[in-house]
Amino acid sequence: MNVQMPIHTRRSHRTLVAGGAGFIGSHICDTLLQRGDTVICLDNLHTGAMRNVRPLLNHPHFRFIEHDVREPLQLDGPIDRIYNFACPASPPHYQQDPVGTMKTCVIGTLNLLELARQKSARILQASTSEVYGDPEVHPQPESYTGHVNTIGPRACYDEGKRAAETLMFDYRRMHDLEIKVARIFNTYGPRMHENDGRVVSNFIVQALRGAPITVYGSGSQTRSFCFVDDLVRGLEMLMESPAGVTGPVNLGNPHEMSIEAIAREVLNCTNSVSPLEFKPLPVDDPKRRKPLITTAEKLLGWRPRIPLRKGLEATVAYFALEVAAHDPAATKKQPSPSRRSGRTRLTLANSQQAR
Ligand code: NAD
Ligand code: UDP
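Residues numbered from 1 in each chain as written. Chains lettered and ligands numbered in written order. Predicted model: local features only at pLDDT ≥ 70, side-chain atom pairs only at ≥ 80, totals over all residues. Heavy atoms only, no water.

Two quantities define a packed helix pair, namely the angle between the helix axes and the distance between the axes. Interaxial distance between helix 5 (residues 199-209) and helix 7 (residues 259-270) falls to 9 Å at its minimum, and their mutual angle equals 40°. Looking at the two axes, helix 5 sits oblique to helix 7. As helix 5 packs across helix 7, the resulting crossing turns out to be right-handed. Residues V199, F203, I204, A207 and L208 of helix 5 form the contact with helix 7, whose own contacting residues are I259, I262, A263, V266, L267 and T270. Looking at the contact of helix 5 with helix 7 residue by residue, the class counts come to ten nonpolar, one polar and no charged. (Axes fitted to C-alpha atoms, helices over the stretch in contact; angles between N-to-C directions. Helix = DSSP H or I, 4+ residues; strand = E, 2+ residues; numbered from the N terminus. Parallel < 35°, antiparallel > 145°, perpendicular 65-115°, else oblique. Left-handed = near helix turned anticlockwise from the far one by under 90°. Contact = heavy atoms within 4.5 Å. Nonpolar A, V, L, I, M, F, W, Y, C, P; charged D, E, K, R; others polar.)

Now the structure itself:
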């Protein structure tokens with residue numbers, strides 16, 4: 001049965017977006033404001049940036065609070081919805097301070113759950129495909145309990161996110177809280193940080209600069225890349241789904257490809273002649289990853305719509321401006337603007353706002 005909510009007709013909410021100055025969080029802030037919500041964006045600016053939300057600061061229904069979710073939080077007034085994106089998401093960033101990452105996942109989620117309980121708010125947790133670890137089941141359904149190395153360098157994030165899911169479901173069992181858990185697979189798009197360290201942003205920035213493309217390992221490991229506009233639509237649909245829909249729900253694009261193939265696609269999209277440079281594979285790097293999205297299709301009526309090429313073009317257009325701002329000489333190596341014109345409408349508006 002398709003129980004998709006008509007999200008364009010829902011009543012407006014007072015929504016807290018934790019991690020709202022980051023890549024995904026800032027796109028959610030935009031979307032919620034466009035839909036008429038009042039948005040409180042909370043962020044400690046660890047990996048996020050004020051410029052992602054600066055154009056929103058004068059919006060009458062937007063408020064920014066600099067706060068670390070590891071600290072308890074008091075907020076005046078009602079809160080209807082809480083999105084929890086607060087956590088570094090790129091492997092180099094979350095491994096920089098592993099204990100801090102674990103605390104953000106566990107204590108941060110606990111603090112937001114307490115707030116949700118006080119306010120009787122519905123809460124959505126941005127969980128991750130990393131809960132499946134280096135999966136032995138392929139593609140990954142939500143019923144797969146995963147294969148995580150508990151003592152490896154990725155565990156601070158993987159196990160932290162797993163514990164956060166546990167807390168969400170315990171709060172539901174103990175306090176009857178309305179919870180939603182989204183397991184997000186690799187997502188890319190405008191507003192990823194230039195030095196984020198994740199593969200799509202790394203490859204695009206390297207290609208635009210004419211620098212070697214750093215492929216880790218043989219490049220035969222796979223990922224499935226979802227464009228941010230598709231993800232944001234799925235997250236909002238999950239948040240507004242009936243109370244009985246708790247998840248976990250996989251949200252991702254099932255189009256699986258090797259890392260070498262994504263490198264070649266980026267070279268093609270940027271017209272770059274950067275060489276591939278093979279580097280050691282990080283410890284515990286998952287070999288294959290692809291979401292099974294039948295739950296999202298059935299319960300939300302959601303599936304991604306934006307093909308990789310179109311999403312990459314929008315992302316390249318964003319990073320071309322970033323690279324030009326920091327390194328004007330690199331723009332001489334750029335493709336002609338016509339090769340970078342295929343942005344989606346929402347992203348075009350957002351990236352113009354973000355300047
Ligand atoms: P991001 O790093 O751009 O955003 C994370 C945001 O959280 C940043 O603005 C950061 O400053 C903030 N933050 C970090 N620690 C905080 C703390 N202790 N207190 C308050 N704010 C804090 O990353 P993103 O890609 O936008 O990821 C957002 C969420 O989605 C993360 O929770 C991540 O685990 C999850 N996720 C993302 C992906 C993806 O592919 N982008 C995949 C799976 C899960
Ligand atoms: N990767 C790569 N070069 C880079 C960054 C990442 O080859 O410059 C690889 C990485 O080893 C992994 C894949 O790309 O196999 C996806 O990495 P990312 O950090 O984006 O996400 P995750 O590993 O968390 O899925």
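Next comes the rest of the description.
Bringing the packing of helix 5 against helix 9 (residues 308-326) into the picture now. Taken N-terminus to C-terminus, the directions of helix 5 and helix 9 make an angle of 60°; their axes are 10 Å apart at the nearest point. Judged on the interaxial angle alone, helix 9 and helix 5 are oblique. Here helix 5 and helix 9 pass one another in a crossing that is right-handed. Seen from helix 5, the contacting residues are V200, S201, I204, V205, L208 and R209; seen from helix 9, they are L312, T315, V316, F319, A320 and V323.

The next subject is the pattern of salt bridges. Pairing between side chains becomes possible if they bear opposite charge and their charged atoms approach one another. Scanning all chains against the criterion turns up 24 salt bridges. R154 is the partner of D285 in a salt bridge, and the nearest nitrogen-oxygen pair spans 3.9 Å. Within this pair, whereas D285 is found in the loop between strand 13 (276-279) and helix 8 (294-300), its partner R154 is found in the loop between strand 5 (122-128) and helix 4 (155-175), the two being separated by 131 residues in sequence. R154 matches D285 in its accessibility class, with the two residues each being buried. One salt bridge in this structure joins E256 and R288, with 3.5 Å as the shortest N-O distance. With E256 in strand 12 (residues 256-258) and R288 in the loop between strand 13 and helix 8, this pair connects stretches of sequence that are 32 residues apart. You can call E256 partly exposed: its relative accessible area is 23%. A cluster of three or more residues bridged by salt bridges with shared partners is formed by E130, R154, R223, D285 and R289. (Salt bridge = Lys/Arg side-chain N within 4 Å of Asp/Glu carboxyl O. Buried < 20%, exposed > 50% of the residue type's maximum accessible area, 1.4 Å probe, protein only.)

Within the structure, ligand 1 sits among 31 residues, and D43, T47, Y157, K161 and T187 are positioned closest to it. The separation between a nitrogen atom of ligand 1 and a polar side-chain atom of R198 is 2.9 Å. In the complex, the protein chains occlude 97% of the 820 Å² of accessible area that ligand 1 would expose alone. Put simply, the parts of the chain that give the shell around ligand 1 at least two residues each are helix 1 (23-34), strand 5 and helix 4. (Near = heavy atom within 4 Å. Polar contact = N/O pair within 3.5 Å; in protein donor to acceptor, adjacent residues only side chain to side chain. Areas by Shrake-Rupley, 256 points an atom, 1.4 Å probe, with all protein chains shown as cover.)

Another point: the confidence of the model for the protein chain. Confidence in the prediction for the protein chain averages 91 pLDDT; 89% of positions are at 70 or higher. Predicted confidence for residues 1-8 stays below pLDDT 50, and this span has 18 contacts to residues more than four positions away or in other chains. (pLDDT = per-residue confidence, 0-100.)

Another aspect to go through is the site of ligand 2. Close to ligand 2 lie 18 residues, the nearest being T214, Y216, R223, D285 and R289. In this structure, R154 approaches ligand 2 through a side-chain N or O atom, which is 3.0 Å from an oxygen atom. Between ligand 2 and the protein, one listed contact pairs an oxygen atom with a backbone N or O atom of V199 at 2.8 Å. Contact with the protein chains hides 95% of the accessible area of ligand 2, taken as 510 Å² for the molecule alone. Of all the elements in the fold, those that place two or more residues in the shell around ligand 2 are helix 5 and strand 8 (213-216). Looking at the shell around ligand 2 residue by residue, the class counts come to seven nonpolar, five polar and six charged.

The next subject is the nonpolar core. If you look at the biggest cluster of nonpolar residues, it comprises 63 residues, and the most contacted ones within it are I28, L235, L251, I262 and L312. With eight residues, helix 9 is the largest single contributor of residues to this core. Those residues in contact with L235 that sit more than four places away from it in its chain are I24, I28, Y83, F85, L124, A182, I184 and L251. With 24 residues, the next largest nonpolar core counts L16, F169, Y171 and L177 among its residues. (Core = buried A, V, L, I, M, F, W, Y, C linked by side-chain atoms within 4.5 Å.)

Let us look at the sheet that holds strand 3 (residues 62-66). An order of 3-2-1-4-5-6-11 is seen for the seven strands of this open sheet, with the pairing classed as parallel. Pairing within the sheet leaves two strands with one partner each, and these edge strands are strand 3 and strand 11 (249-251). Between one strand and the next, the sheet's axes are offset by a mean angle of 20°, whatever the strand orientation. Strand direction decides the pairing type here: strand 2 (residues 38-43) and strand 3, joined by five bridges, are parallel. (Pairing = 2+ DSSP bridges.)

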